[in-house]
Amino acid sequence: MKKYIALLRGINVSGKNKVAMPVLKNAFEEIGFSEVSTYINSGNVLFSSESEDKSELILKCEAVISERFDLTIPVAVMAVEDLVETVKHAPDWWGQEKETIHYAIFMIAPITVSDVFAAVGEPKMEYERIAHYGEVIFWSAPRKTFNKARWSKIASSSVNNHVTIRNANTVNKLLTMGHY
């Protein structure tokens with residue numbers, strides 16, 4: 001059995017796409033996943049599966065969300081061990097400074113890091129820092145100049161529906177919950 005994290009995009013935001021975490025947990029268990037747990041309302045589900053086919057896992061997650069909640073929600077799935085490896089390669093500055101917002105931007109297949117960089121553009125280095133490893137982009141911007149950062153506008157970009165974003169605290173909590 002391998003441990004995974006499913007990152008659901010755009011649920012429970014401003015009263016839209018409401019998904020109750022206990023119901024989501026039960027739905028994941030009913031489709032054969034074990035050791036299922038959720039973390040906060042933004043759609044983070046840890047689970048174990050014998051399957052190692054990420055595409056199959058994504059399809060199963062998206063299908064059960066569609067069936068149970070009547071929602072079309074894009075899902076990124078990452079093995080916990082892969083997230084551990086990715087975070088090991090995070091830049092030293094990511095997740096460190098207190099008055100700075102630190103995000104991990106996860107790709108939802110088939111979008112790639114290159115696609116996201118092409119759509120959002122070059123970062124404004126005086127206002128933000130950016131790096132990536134694998135299919136995760138690490139991005140940080142000071143709170144006081146956040147709105148001046150180019151990547152703070154990712155929500156209005158053409159790739160917004162193809163990524164899901166978590167802050168550094170959430171990523172670290174998911175790793176702790178995954179026992180790393």
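Fair warning: this is a prediction, and the values are worked out from it, not measured in the lab.

A. Region of interest: the pairing of strand β5 (residues 100–107). The element β5 is extensively covered by neighbouring structure, given that seven of its eight residues are classed as buried. As judged from the seven bridges shared by β5 and strand β7 (residues 136–142), these two strands associate in the antiparallel manner. Of the residues in β7, the one forming a bridge with Phe-106 is Val-136. Where β5 meets strand β8 (residues 163–167), five bridges bridge the pair, whose relative direction is antiparallel.

B. Examining unusual backbone geometry more closely. Looking along the chain, the bond that leaves Ala-109 and enters Pro-110 is cis, with omega of 10°. One can find Pro-110 in the loop between β5 and α4 (113–120). One non-glycine residue, Asn-12, lies in positive phi territory at about 55°. By secondary structure assignment, the location of Asn-12 is in the loop between β1 (2–8) and α1 (21–30). Judged by relative accessible area, which is 26%, Asn-12 ranks as partly exposed. Of note in this structure, Ser-14 is not a glycine but carries a positive phi near 50°. Looking at the element boundaries, Ser-14 is found in the loop between β1 and α1.

C. Broad picture of helix α5 (residues 168–177). Residues Ala-168, Thr-170, Val-171, Leu-174 and Leu-175 constitute the buried set of α5. Buried residues of α5, seen end-on, are gathered within an arc of 165° and therefore sit on one face of the element. Those residues of α5 hidden inside the fold are in contact with β1, β2 (34–39), β3 (44–49), α3 (80–88), β5 and β8. Just downstream of α5, His-179 is the residue with a positive phi angle, here 70°.

D. Local environment of the environment of Glu-97. On the secondary structure map, Glu-97 appears in the loop between α3 and β5. Sequence separation between Glu-97 and Pro-142 is 45 residues; the distance between their C-alpha atoms is 8.4 Å. Other than its neighbours up to four places away in sequence, Glu-97 contacts His-102 and Arg-129. In terms of polar contacts, Glu-97 uses its side chain to reach the side chain of Thr-100, at 3.2 Å.

E. Structural view of the environment of Lys-124. Take Lys-124: it is sitting in the loop between α4 and β6 (129–133). The class for Lys-124 is partly exposed, based on a relative accessible area of 31%. When the C-alpha atoms of Lys-124 and Ala-149 are compared, they prove to be 6.0 Å apart, with 25 residues separating the residues in sequence. Discounting chain neighbours no more than four positions away, the residues touching Lys-124 are Lys-148 and Arg-150. In this structure the side chain of Lys-124 is engaged in a polar contact, spanning 3.5 Å, whose partner is the backbone oxygen of Lys-148.

F. Geometry of the packing of aromatic side chains. Applying the stated rule across the entire model yields eight aromatic pairs. An aromatic cluster of three or more residues is present, and its members are Tyr-4, Phe-28, Phe-33 and Phe-47.

Definitions and cut-offs
Residues numbered from 1 in each chain as written. Predicted model: local features only at pLDDT ≥ 70, side-chain atom pairs only at ≥ 80, totals over all residues. Heavy atoms only, no water. Buried < 20%, exposed > 50% of the residue type's maximum accessible area, 1.4 Å probe, protein only. Helix = DSSP H or I, 4+ residues; strand = E, 2+ residues; numbered from the N terminus. Pairing = 2+ DSSP bridges. Arc of directions from axis to C-beta. Contact = heavy atoms within 4.5 Å. Polar contact = N/O pair within 3.5 Å; in protein donor to acceptor, adjacent residues only side chain to side chain. Phe/Tyr/Trp six-rings, centres within 6.5 Å; stacked < 30°, edge-to-face > 60°.

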